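Secondary and tertiary structure notes
What follows is the residue order along each chain.
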Number of protein chains: 2
Amino acid sequence: MRCFSVVSLFLLLGVLSTGSGLAADDEKEQAVKKFTVYPIGWVRKTDGHTTIVVDKKYQEGLLGLDQFKEVWVLYWFDRNDTPEKRSILQVHPRGDKKNPKRGVFATHSPVRPNLIAMTKCKIISVKDNVIEIESIDAFPDTPVLDLKN
Amino acid sequence: MRCFSVVSLFLLLGVLSTGSGLAADDEKEQAVKKFTVYPIGWVRKTDGHTTIVVDKKYQEGLLGLDQFKEVWVLYWFDRNDTPEKRSILQVHPRGDKKNPKRGVFATHSPVRPNLIAMTKCKIISVKDNVIEIESIDAFPDTPVLDLKN
């Protein structure tokens, strides 16, 4: 009996830990406390060219982007994806201790609860799944979450 | 012995299911295919006032925001959070079928693989954890992911 009780406890914990995403829409605010985002592409920097290489499966989403001179790029500050860095709420702007501390929501700091970066880039060309841009303030191989005109 | 084997299996499954986020930094691109974002607050519309009510636990992140006239608000298109809507890659801009289809990455469409919205709002006041804004193109009770100056 004691054996089954232990197994039942594990089963119960499993159900509890996966059950919270199943609530009805009208209960979403209380029930859903998180959302999932996926890389749609990656920043690449090779041979003096800076590109966003979009995953082939999202290539259709680029239709018409070549009509624009600029694109908003939302990317993930993946180097900072730790619970510690995501719990930082105040920083010295531009990392300069002479600047008085400011809340991360009043900055573009790369540490913040949700590690979403937002920057506007000049488009050089769009070919198949590759957007060549003039430059971006992101490390090579950074995951890109979204593009907007 | 059989009893301990069953318990060990559950323990092992637990370790396997949580272990994928622990990969070394240089393996991140292959290992991490998704990221988690959390609401830091909510859009509220009551008595003719539009506010962003930030979760109390993130209130420190607002320090200094009152110095600014505007704030970028990143929010989640939570009404569209279904696999079907997140797989739409082309739309008629502004929902008008007379507009030729365009890739979602060349629009601000509320359907897109990652349901992140981005809009600039005029700040009326910042008091404790509440930012009153002039208006926002989001439904009441929309989850807010980030604020930037």
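It should be emphasised that the depicted structure is a prediction, and the values quoted were computed from it without experimental measurement.

Analysis parameters
- Residues numbered from 1 in each chain as written.
- Chains lettered and ligands numbered in written order.
- Predicted model: local features only at pLDDT ≥ 70, side-chain atom pairs only at ≥ 80, totals over all residues.
- Heavy atoms only, no water.
- Pairing = 2+ DSSP bridges.
- Helix = DSSP H or I, 4+ residues; strand = E, 2+ residues; numbered from the N terminus.
- Axes fitted to C-alpha atoms, helices over the stretch in contact; angles between N-to-C directions.
- Contact = heavy atoms within 4.5 Å.
- Buried area = accessible area lost by both parts, 1.4 Å probe.
- Salt bridge = Lys/Arg side-chain N within 4 Å of Asp/Glu carboxyl O.
- Buried < 20%, exposed > 50% of the residue type's maximum accessible area, 1.4 Å probe, protein only.

1. What to know about the sheet that holds strand S3 (residues 49-54) of chain A
Residues and elements named next belong to chain A.
- Taken in spatial order, the six strands line up as S2-S3-S8-S7-S4-S9 and close into a barrel, and their pairing is antiparallel. Ignoring which end each strand starts from, the neighbouring axes of this sheet average 45° apart.
- Bridge count for strand S2 (residues 41-46) against strand S9 (residues 143-148) is two bridges, and the pairing is antiparallel. In the sheet register, Gly41 faces S9, and the bridge partner there is Val144.

2. Here's the deal with the interface of chain B and chain A
- The interface of chain B with chain A comprises 57 residues on the first partner and 57 residues on the second.
- Carbon and sulfur atoms make up 64% of the surface buried where chain B meets chain A, a total of about 5500 Å² over both sides.
- Contact with chain A buries surface across chain B, with Phe35, Phe105 and Lys148 of chain B losing the most and accounting together for 15% of the total.
- In this assembly, chain B and chain A are joined by two salt bridges.

3. Looking at the pattern of salt bridges
- Scanning the entire structure with this criterion turns up 14 salt bridges over all chains.
- Here Lys127 of chain A makes a salt bridge to Asp128 of chain A, at a shortest N to O gap of 3.8 Å.
- Given a relative accessible area of 58%, Lys127 of chain A falls into the exposed group.
- With its nearest N and O atoms 3.1 Å apart, the salt bridge here joins Asp146 of chain A to Lys148 of chain A.
- Of the residues examined, Lys148 of chain A reaches a relative accessible area of 1% and is grouped as buried.
- Here the salt bridges do not stand alone but share partners, grouping Arg112 of chain A together with Asp146 and Lys148 of chain B into one network.

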